[in-house]
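Listed here are the chains, written in short residue letters.
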Amino acid sequence: MANNINLKELSKIRELQFAVLETNLYLNTHPEDMRVLKLHNEFATELCMLTQQYQENYGLLRANFSEAEFPWQWIEEPWPWQIDY
Amino acid sequence: MEKNKNQIQIPTFMRERLAHAYVPYQRFTENYQPEEALNKGTLFPELWMPYKPGHRGHY
């Protein structure tokens, strides 16, 4: 696994994380809104896919990655302030 | 004096009518695409209220 970043992909992931949080909060108060439930599932599916792809091709996004390599890679990731957006 | 002894003292502020807060129920219409949503800080057009200095309450 390469410890580098792909800003374009990372941005897409950040955007989807936000979208999923928004549908999550909305559905807490509107549990029977089928349209938003569908939207939520679409966003969440894409987020899951992109997250997995990102972690396989670039760097770790979460330390709970299930296919962690030896040696432990998490500490090799850049800190948020080291990313030049 | 004797009469007031058994009365519960109500603080002045509680004798006034309190403000009633209400939150209208959100109805979903459409959504921004994720990129625009993150930029605007909301996924929902009905919740997008950009702050405009000098404009009171007119969103």
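Quick notes on the rules
- Residues numbered from 1 in each chain as written.
- Chains lettered and ligands numbered in written order.
- Predicted model: local features only at pLDDT ≥ 70, side-chain atom pairs only at ≥ 80, totals over all residues.
- Contact = placed C-beta atoms within 7 Å.
- Nonpolar A, V, L, I, M, F, W, Y, C, P; charged D, E, K, R; others polar.
- Axes fitted to C-alpha atoms, helices over the stretch in contact; angles between N-to-C directions.
- Helix = DSSP H or I, 4+ residues; strand = E, 2+ residues; numbered from the N terminus.
- Parallel < 35°, antiparallel > 145°, perpendicular 65-115°, else oblique.
- Left-handed = near helix turned anticlockwise from the far one by under 90°.
- Buried ≥ 20, exposed ≤ 12 C-beta atoms within 10 Å, placed from the backbone.
- Expected span 1.5 Å × (residues − 1).
- pLDDT = per-residue confidence, 0-100.
- Core = buried A, V, L, I, M, F, W, Y, C linked by C-beta atoms within 7 Å.

## Some thoughts on the interface of chain B and chain A
Counting residues at the interface gives eight residues for chain B, matched by twelve residues for chain A. Counted by class, the side of chain B that touches chain A contains five nonpolar, two polar and one charged residues.

## Things to note about the packing of helix α1 (residues 7-29) of chain A against helix α2 (residues 34-57) of chain A
Residues and elements named next belong to chain A. At their nearest, the axes of α1 and α2 sit 9 Å apart, and the two run at 150° to each other. Classed by the angle they form, the pair α1 and α2 counts as roughly antiparallel. Every pair of crossing elements has a handedness; the one defined by α1 and α2 is left-handed. Contacts between α1 and α2 pair Glu9, Lys12, Ile13, Leu16, Gln17, Ala19, Val20, Thr23, Asn24, Tyr26 and Leu27 from the former with Val36, Leu37, Leu39, His40, Phe43, Ala44, Glu46, Leu47, Leu50, Thr51 and Tyr54 from the latter.

## Re the environment of Glu42(A)
Residues and elements named next belong to chain A. With respect to the helices, strands and loops of the structure, Glu42 is situated in helix α2. Taking the number of C-beta atoms within 10 Å as the measure of exposure, Glu42 has 14 and is therefore partly exposed. Sequence separation between Glu42 and Ile13 is 29 residues, and the spatial gap between their C-alpha atoms is 13 Å.

## Re unusual backbone geometry
The peptide bond linking Phe70(A) to Pro71(A) adopts the cis configuration, its omega dihedral lying at -5°. By the element assignment, Pro71(A) lies in the segment after α2.

## Some points on α1(A)
The end-to-end C-alpha distance of α1(A) is 34 Å, a good match for the 33 Å that 23 residues give at a rise of 1.5 Å each. Residues Glu15(A), Leu16(A), Ala19(A), Val20(A), Glu22(A), Thr23(A) and Tyr26(A) constitute the buried set of α1(A).

## Comments concerning the confidence of the model for chain B
In this model, chain B carries a mean pLDDT of 82, and residues with pLDDT of at least 70 account for 75%. Within chain B, the lowest mean pLDDT, 56, falls on helix α1 (residues 2-5) of chain B, and the highest, 97, falls on helix α3 (residues 34-40) of chain B.

## Digging into α2(A)
With 24 residues, α2(A) should reach 34 Å at 1.5 Å per residue; the first-to-last C-alpha distance of 35 Å fits that figure. For α2(A), every residue scored as buried is listed here: Val36(A), Leu39(A), Phe43(A) and Leu47(A). Buried residues belonging to α2(A) abut α1 of chain A together with α3 of chain B.

## Points about the nonpolar core
Among soluble globular proteins, nonpolar side chains are generally buried collectively. Leu16(A), Ala19(A), Val20(A), Tyr26(A), Val36(A), Leu39(A), Phe43(A), Leu47(A), Ala37(B) and Leu43(B) form the largest nonpolar core, which has ten residues in total. Elements with a contribution of two residues or more to this core: α1 and α2 of chain A. The residues touching Leu47(A), leaving out its near neighbours within four places in the chain, are Ile13(A), Leu16(A), Gln17(A) and Val20(A).

## Quick notes on the environment of Pro24(B)
On the secondary structure map, Pro24(B) appears in the loop between α2 (12-15) and α3. Put simply, Pro24(B) and Gly41(B) are 17 residues apart on the chain and 20 Å apart in space, counted from C-alpha to C-alpha.

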